[in-house]
Amino acid sequence: MRRDDPRLVRFDPARLHAFEGGDDGSWILLWPEQGHWPQAPWVLQVGSPGLQTVSFHASPTAPPRVAELMHPAESAWPCHGCLVFPVDQAPADDEPLRLHVDARSVIPSAMTFDVLSVSEYQRADALRLALASACLSTMVAMAMIALLFGFRLRDVTFLYYAIFVLGYAFILCLQSGYVADPLRWHAIASAPRVWGRLATTASVVFAILFLDRFAHLARHAPRGRRLLLGYAGAIAALAGLGLVPIESANALGRALINPLLILGGPLLLGVATAAAWHGSRYARFFLAGWTPLLAVTVLGSLQLYGIADGWTWSDEAALVAGAIETLVLSLGLAERSLALRRDRDHARRLADIDALTGLYNRRAWTDRMLALEEDLQRQGHSFSVLFLDLDLFKELNDRLGHEAGDTALRVLAGAMREELREQDVIGRYGGEEFVVALPGADRAHAALVAERIRQRLQDLSNADPARAMRTVSIGVATLHKGENTNALLKRADAAMYAAKAAGRNRVMHAA
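Computed from a predicted model, the values in this text were never measured in an experiment. (Residues numbered from 1 in each chain as written. Predicted model: local features only at pLDDT ≥ 70, side-chain atom pairs only at ≥ 80, totals over all residues. Heavy atoms only, no water.)

(A) Region of interest: the overall build of the protein chain. Scanning the protein chain from N- to C-terminus turns up 14 helices and 14 strands. Across the 511 residues of the protein chain, 48% fall into the buried class. The long-range share in the protein chain, meaning contacts at least 24 apart out of those at least 6 apart in sequence, stands at 71%. A total accessible area of about 25,000 Å² is found for the protein chain, and carbon and sulfur atoms account for 58% of it. (Helix = DSSP H or I, 4+ residues; strand = E, 2+ residues; numbered from the N terminus. Buried < 20%, exposed > 50% of the residue type's maximum accessible area, 1.4 Å probe, protein only. Contact = heavy atoms within 4.5 Å. Areas by Shrake-Rupley, 256 points an atom, 1.4 Å probe, with all protein chains shown as cover.)

(B) Structural context of the packing of helix α11 (residues 393–400) against helix α12 (residues 402–419). Viewed as axis vectors pointing N to C, α11 and α12 meet at an angle of 140 degrees, and their least axial separation amounts to 6 Å. As the angle between them shows, α11 and α12 are arranged oblique. Contact residues: Phe393, Leu396, Asn397 and Leu400 in α11; His402, Ala404, Gly405, Ala408 and Leu409 in α12. Per-class residue counts for the contact of α11 with α12 are six nonpolar, three polar and no charged. (Axes fitted to C-alpha atoms, helices over the stretch in contact; angles between N-to-C directions. Parallel < 35°, antiparallel > 145°, perpendicular 65-115°, else oblique. Nonpolar A, V, L, I, M, F, W, Y, C, P; charged D, E, K, R; others polar.)

(C) Fine view of the packing of α12 against helix α13 (residues 443–463). Direction vectors running N to C along α12 and α13 enclose 130 degrees, while the axes themselves pass 9 Å from each other. The orientation of α12 relative to α13 falls into the category oblique. For the element pair α12 and α13, the recorded crossing hand is right-handed. Residues Val411, Leu412, Ala415, Met416, Glu418 and Glu419 of α12 form the contact with α13, whose own contacting residues are Arg452, Ile453, Arg456, Leu457 and Leu460. Here the residues of the contact of α12 with α13 are counted per class, giving seven nonpolar, no polar and four charged. (Left-handed = near helix turned anticlockwise from the far one by under 90°.)

(D) Quick look at the side chain of Arg428. Its location among the elements puts Arg428 in strand β11 (residues 425–430). At 3.4 Å, the side chain of Arg428 forms a polar contact with the side chain of Asp354. Those residues in contact with Arg428 that lie beyond four places of it in its chain are Asp354, Leu356, Thr357, Leu359, Tyr360, Asn361, Arg362, Leu409, Glu433 and Phe434. (Polar contact = N/O pair within 3.5 Å; in protein donor to acceptor, adjacent residues only side chain to side chain.)

(E) Expanded view of the layout of surface pockets. Quantified by volume, the second largest pocket comes out at close to 240 Å³. Lining the second largest pocket are 18 residues, and of these Leu69, Met70, Pro72, Ala180 and Asp181 sit closest to its centre. Contributions of two or more residues to the lining of the second largest pocket are made by β7 (82–87) and α3 (186–189). With three residues, the top contributor of residues to the lining of the second largest pocket is β7. Of the residues assigned to the lining of the second largest pocket, the class counts are 11 nonpolar, four polar and three charged. (1 Å grid on protein atoms, 1.4 Å probe; cavity = no way out; pocket = protein on both sides within 12 Å on 5 of 7 lines; lining within 4 Å. Points joined across faces, edges and corners; volume = space filled by probe spheres on them.)

(F) A look at the packing of aromatic side chains. Tallied over the entire structure, the rule returns 11 aromatic pairs. For the ring pair Phe210 and Phe214, a centre distance of 4.8 Å and an interplane angle of 15 degrees mean the geometry is stacked. Note that Phe210 and Phe214 are positioned in helix α4 (residues 192–214) at a spacing of four residues, about one turn of the helix. The class for Phe210 is buried, based on a relative accessible area of 0%. Here Arg154 stacks its cationic end above the ring of Phe151, 4.8 Å away from the centre of that ring. (Phe/Tyr/Trp six-rings, centres within 6.5 Å; stacked < 30°, edge-to-face > 60°. Lys NZ or Arg CZ within 6 Å of the ring centre and 35° of its normal.)

(G) Spotlight on unusual backbone geometry. Between Ala40 and Pro41 the backbone carries a cis peptide bond, its omega angle lying at 10 degrees. On the secondary structure map, Pro41 appears in the loop between β3 (26–30) and β4 (42–47). In the segment running from Asp181 into Pro182, the intervening peptide bond is cis, with an omega of 15 degrees. Despite not being glycine, Leu392 has its phi angle at roughly 50 degrees, a positive value. Tracing the backbone shows Leu392 in the loop between β10 (383–390) and α11. If you check the backbone angles, Asn505 has positive phi at about 50 degrees while not being a glycine. With respect to the helices and strands, Asn505 occurs in the loop between α14 (485–501) and β14 (507–509).

(H) View of the nonpolar core. Within the largest apolar cluster, 66 residues are counted, with the highest numbers of intra-cluster contacts made by Tyr161, Phe210, Leu211, Leu217, Leu228 and Trp290. Of all the secondary-structure elements, those providing two or more residues to this core are α1 (118–153), α2 (156–175), α3, α4, α6 (222–243), α7 (247–277), α8 (281–302) and α9 (314–352). Sequence-distant contacts of Tyr161, defined by excluding residues within four places in its chain, comprise Met142, Ala146, Phe210, Thr326, Leu329, Ser330 and Leu333. By size, the runner-up hydrophobic cluster in this structure holds 28 residues, among which are Leu390, Ala413, Ala441 and Ala446. (Core = buried A, V, L, I, M, F, W, Y, C linked by side-chain atoms within 4.5 Å.)

Dropping the structure here:
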């Protein structure tokens, strides 16, 4: 026997029998390929039983051992994602192992069968538990982080993602028996069919809603969006049929839900591919994360129709694919949150900036001035303000037009940028009025800066008289101890009007 093959026996496919046992289920008979059973004790492991009820008959005369994934019998050992029946006495070589499977009122699943030693069963079950715990913990953690981001960013896309991920993680908990052991959620384990339908519906519907917003389907794939939303409605309707307390409605829902889920995989991938083709960057994240998950889901469903029946690790693949999908989409959401933050910062900057001059507008300048004032007064430094007004600006507009006036405003803004430090705050206060906050500047320094600005604008006007740049009158005020911002600005404004009254194109100090 190969060391990497833990099975004590291989079943003979030529003699394997599976046949209908009437209205109560099906019978499966298993013979060893080698022609004899190994020496007991060993265990029969039934993999991927889903919600089906499995009865093990060790011999024709022995009482059956009946177990379900959510309710293992006392004669069946605990196992995660499977059922395990211990065998203390091997049957005769010409006797098969007999299993009865009752899949009534549930969706059947493709099962696997293995005969293992007790030590191999224990090792395999520990690995299954560790894998399930790691994958489910990853999915739940990513969902919680998404909820936090959604709350902080006020973006419902993160909520859709979290509900989808939690729904799929809950489905995996049901399929693996995790809700019964180790979680011991007995209320859920007692009604797994109802909870399974609800989780499947929530996972599919919110996955579609998530894709719709995440990949911007309304812009990049509008036709596919309508198709997906209709598909989500059909899934919800079938889930509702499964909850109706009428057996015929339940049967119809069970008969249609699995084919519809198989159709959903290619449909989701097709719409996501179309959105990516038409420029949706986030659709590419979706494709990278969902392709493995949907492939596993579709393959598991196709096994019910005899396709890919040799694939025996669908449960483990679903757990790993779910964790990978969660991590990939979390990266996509992180990229989305960064983009939202960049857009928000850009919008805030646009709201703070005067479009014509590129300087702060009145509101933004006032906010920054208040912050500077508090810091500088607390540290005991000087703080001065300049109030500037272009001379004869209305006359310039009336004579040469608004384009000439706009040019004059931009030239003054450029002159101030050339003469001021990086920490100085410039703003357009309104019309042809400008203000400058000079942190750390006393009265003499502020007056010197104001004079340099006035002289630069005058030099520009003299160099090109045809452009009519005009001149500027500037008022200078330095903050007194205990004085507030409004009083400081009023004094600078009064000094500016004094400069105009004294003949314009000059700098005046506030009284």
